[in-house]
Amino acid sequence: MALDFERPLLELEAKIEELSRFTKEKGIDFSEEIALLEKKSRDMKEKIYNNLTPWQKVQIARHPSRPNTLDYIKALFTDFIELHGDRLYGDDPAIIGGLARYKGTPVTVLGHLKGHDTKENVQRNFGMAHPEGFRKALRLMKQAEKFGRPVICFIDTAGAYCGMGAEERGQGEAIARNLLVMSALKVPIISVVIGEGGSGGALALGVANRILMQEHAIFSVSTPEAAASILWKDGSKAREAAEALNLTAQDLLRLKVIDEILPEPLGGAHTDLTAAYGIVDEALERHLSELRQMSLEELTELRYAKFRAMGQTG
């Protein structure tokens, strides 16, 4: 899927492919022209992706080929056993979680789960969880605390589902309880924003000792479309809302909302999955190693101090 700002680059790459094919089929040497175009393509790609606007980052964060929570679980963890249900109402496929090993260490891993196509997204409700999804996550986190397992969360949602059934079953209470319990959970918690980090749906998995964020991910109080509808009564002003929300990783590091920006392969995580997995893997290993050396009291104090300091840029 081509994003609008990527089209000039794709046209250039198509021209390179055409010349390469012509060279192979006709035996005419276009190697010099191809080399010039390849250099132009590299320069253009660097210029585009090093100067993305907030709205362009929103588009990349939503790219359907971007690796999702299940992709990271399969790539980075072993012995994953998915656990289902909140023991209160039912199971929510918008949140996946369970037991796993990370480099031999038993952990609880969970996160929002978007699909890569329409069928998967409908099945997973586009990663927008119902109350039972957040209560499932809470059950798994309490279980992790009981057995002393670190918790690793992957955040990727436009927000909590706001349908009537979700509200009737206590959507706000479910999110608030996650915030309360996570703030005092006596195990290390690491949250990684891998795509969209939208509204309370993201916060419900985001009260962590360390919040890591991929370079082109977004994290905000609401989606740009929702913010535009609230502020200007016009959802088409989403581009302007994205500029105002301070939703990029660079903005949030400056505001001390996140702890580290994880670089992405040039063009986004979906363009080189192996490299993207490797970058997240290195950061997880490093931060988990640091947190596991802390006492339970230090972990909760660190979490408290971290959230108290958010927004202080001085």
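Since the structure is predicted, the reported quantities are computational estimates derived from the model, not experimental observations.

Moving on: the pairing of strand β4 (residues 151-157). Side chains on a regular strand alternate between the two faces of the sheet. Along β4, 7 of the 7 residues are buried, which leaves the element largely enclosed by surrounding structure. As judged from the 4 bridges shared by strand β3 (residues 105-112) and β4, these two strands associate in the parallel manner. When the sheet's bridge partners are listed, Gly-111 is paired in β4 with Phe-154. Here 6 bridges tie β4 to strand β5 (residues 189-198), and the two strands are oriented parallel to one another. The residue of β5 that forms the bridge with Ile-155 is Val-193.

According to the domain assignment, the protein chain consists of domain 1 (4-51) and domain 2 (57-309). Look at where the C-alpha atoms of domain 1 and domain 2 centre, and you get two points 37 Å apart. Between domain 1 and domain 2, the buried area comes to about 580 Å², and carbon and sulfur atoms account for 60% of it. Of all residues in domain 1, the largest losses of buried area upon contact with domain 2 belong to Phe-5, Lys-45 and Tyr-49, amounting jointly to 65% of the total for that side. One can count 1 residue pair in polar contact (both at pLDDT 80 or more) joining domain 1 with domain 2. Its residues assigned to classes, the side of domain 1 that touches domain 2 comprises 2 nonpolar, no polar and 3 charged.

Reading the values: the criteria
- Residues numbered from 1 in each chain as written.
- Predicted model: local features only at pLDDT ≥ 70, side-chain atom pairs only at ≥ 80, totals over all residues.
- Heavy atoms only, no water.
- Buried < 20%, exposed > 50% of the residue type's maximum accessible area, 1.4 Å probe, protein only.
- Helix = DSSP H or I, 4+ residues; strand = E, 2+ residues; numbered from the N terminus.
- Pairing = 2+ DSSP bridges.
- Domains from an automatic or database assignment.
- Buried area = accessible area lost by both parts, 1.4 Å probe.
- Polar contact = N/O pair within 3.5 Å; in protein donor to acceptor, adjacent residues only side chain to side chain.
- Nonpolar A, V, L, I, M, F, W, Y, C, P; charged D, E, K, R; others polar.

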